[in-house]
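Chain by chain, the residues:
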Amino acid sequence: MVMASAGTNRPGGGDGSPASAPFSSAPGCRMRKRRRLAPPAQAAGSSGSGGGGAGAGPSRDKHKRVRPASPSTSSSSQPSDADSGDGGEQGEEGAVDAEEEEELPQAGPPPPPQQQQVPASAAARAWPVAFGSLSVAGRSRDMEDTVSLRPGFCTWADGSPMHFFAVFDGHGGSHVAELCRDRMHEFLAEELAAEAAAFPQRLQQQQQAASAAGEGGTSSAAGADAASSSSAQQQEKEEEEEEERAWRAALSRAFRRVDALASRACACGRVASPPCRCPLSGSSGIVGSTAVVAVLVRGRVVVANCGDSRAVLCRRRAPVPLSDDHKPNRPDELARIQAAGGRVVFNNGHRVRGILAMSRALGDRMLRPEVIAEPEITVTDRTPEDECLILASDGMWDAVPNEIACSVARQCLQDGNPVTAPVDDAAAASGEGVAAAGPEPAERCSNAASLLVRLAFGRDSWDNISVVIIDLQRRE
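These numbers were taken from a predicted model, which means no experiment stands behind them. (Residues numbered from 1 in each chain as written. Predicted model: local features only at pLDDT ≥ 70, side-chain atom pairs only at ≥ 80, totals over all residues. Heavy atoms only, no water.)

### What about the packing of helix α11 (residues 402-414) against helix α13 (residues 443-458)?
Moving on, step 1. Where α11 meets α13, the axes come as close as 9 Å, and the angle between the chain directions of the two elements is 145°. Between α11 and α13 the crossing geometry is right-handed. Along the contact surface, α11 presents I404, A405, V408, A409, C412 and L413, while α13 presents R444, C445, N447, A448, L451, L452 and L455.
Moving on, step 2. A class-by-class count of the residues in the contact of α11 with α13 yields eleven nonpolar, one polar and one charged. (Axes fitted to C-alpha atoms, helices over the stretch in contact; angles between N-to-C directions. Helix = DSSP H or I, 4+ residues; strand = E, 2+ residues; numbered from the N terminus. Left-handed = near helix turned anticlockwise from the far one by under 90°. Contact = heavy atoms within 4.5 Å. Nonpolar A, V, L, I, M, F, W, Y, C, P; charged D, E, K, R; others polar.)

Have a look at this one:
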């Protein structure tokens, strides 16, 4: 069994039509549309219909994304969104009216306005992301691995798109891994939406508390300027910390929800409570799956790992592990298992109770409390030197070291695909170098994943092999 997938996020969407909009044959329509959607400073002398379009600008600019962005980028992003609409004048006026109508319901319940207070163009702001995958049974008789590729599966509170990629390595059967593939991103999207709805309020409370604590400081002008600069830096730091706390909480809850379902899942496909009593349910108690999940949002990579699958970042031609395998002989895991009253027995490798070769997994209800489903979560800032992110099951990592995997993936991505415009820190902060959420074929990523699978197979890997390659550079 072989499963392959490929995709990319590029400016202008997935169908390619927006990219050709600037070359349409209606320059006059485009100019009128720019005047209607321009900020007030540029639309001072526009007509009545144009004034209506410009009037919507300040209300949207007033509620920009929580993370500060460059004003010039914000003002220029509106015409670019306008250019991606219909070519005719009536279509453009309808788009403007539709945009105004979409903003009217925002005066409803509190959570929706908090989600929609950013310009629509902010939802397209992202670092470059292209992806591809390959999953094969290898020399194993059964296929128990699954992969999940969900670009743009969710939107954060500031309008930033979030991309979901995951590898699930099942054991004892495939139904838990399939459950993770089908439900993990759904549960995570729900939890992130709940965190995003509460995020502005929590951030505002923190800022008010910090402002109240900072009152009564120095009264000199120089001291006031220094205090203001320090306060802005402190607010930005608090915002980042609050975001990370929210992402960690959402991932932990999503893993717990999937684990609760996995404990009731049966090989027949049913998820029932009390457990299913069909003939296939006899071994469901020792069926489970690993999970390594990567969420990309703006310039950060959030990785949650449970089990012995792995995420490795290729940075400056060197591997940077973003997860640590949960092996029973890992010192901290061994101490936790022994504290829970369990044992690690060497049986063709270190195994919990001599059965399971990992100390954390989703499912496996008969091996509790030694085997837990709590993920370890890391948050990593992206840099312009980051080349790719590799997610893979132990079928590859047991045969291919991190260094070789990064070198092979990097060379495969570079062959015939030179980097065109690396994202610098200034562009990332302002939201430039955007990538839309529509997936398009990314053959280079699928080729890199295929090459790593073949390399692991050639090195006598006897397990299922699943690889996901995420290209973090902008290439031709």
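Still more to cover.
### Notes on the pairing of strand β8 (residues 310-315)
Along a regular strand, successive side chains alternate from one face of the sheet to the other.
Moving on, step 1. Most of β8 sits inside the fold, with six of its six residues counted as buried.
Moving on, step 2. Where burial is concerned, the two faces of β8 agree: the one with R310, V312 and C314 and the one with A311, L313 and R315 are both buried.
Moving on, step 3. Relative to strand β14 (residues 386-392), β8 runs antiparallel, the two sharing six bridges. Bridge pairing links R315 to D386 in β14.
Moving on, step 4. Taken together, the four bridges between β8 and strand β9 (residues 318-321) define a ladder with antiparallel strand orientation. Residue L313 lies in a different strand from β9, and its bridge partner there is V320.
Moving on, step 5. Where β8 folds back onto β9 in an antiparallel hairpin, the turn is made up of two residues, including R316, whose phi is positive at roughly 50°. (Buried < 20%, exposed > 50% of the residue type's maximum accessible area, 1.4 Å probe, protein only. Pairing = 2+ DSSP bridges.)

### Focus: the state of the cysteines
Moving on, step 1. This model, assessed by the stated rule, comprises zero disulfides.
Moving on, step 2. Between C180, a free cysteine, and C306, which holds the nearest cysteine sulfur, the sulfur-to-sulfur gap is 9.0 Å.
Moving on, step 3. Among the cysteines around C314, which has no disulfide bond, C406 carries the closest sulfur, lying 4.1 Å off. (Disulfide = S-S within 2.5 Å.)

### Some thoughts on the pattern of salt bridges
Moving on, step 1. The final tally for this structure, using the stated rule, is 28 salt bridges.
Moving on, step 2. Across the salt bridge formed by E195 and R202, the nearest N and O atoms sit 2.9 Å from each other.
Moving on, step 3. Taking relative accessible area as the criterion, E195 reaches 6% and is therefore assigned buried.
Moving on, step 4. On the basis of relative accessible area, R202 is assigned to the partly exposed category, the value being 22%.
Moving on, step 5. The shortest N-O distance in the salt bridge between E243 and R298 comes to 2.7 Å. One end of the pair, E243, is in helix α8 (residues 221-262); the other, R298, is in the loop between β6 (291-297) and β7 (300-306), and 55 residues separate them in sequence. In terms of burial, E243 and R298 fall into one category: buried.
Moving on, step 6. Each of E190, E191, E195, R202, E242, R245, R253 and R257 takes part in salt bridges that share partners, so that together they form one network. (Salt bridge = Lys/Arg side-chain N within 4 Å of Asp/Glu carboxyl O.)

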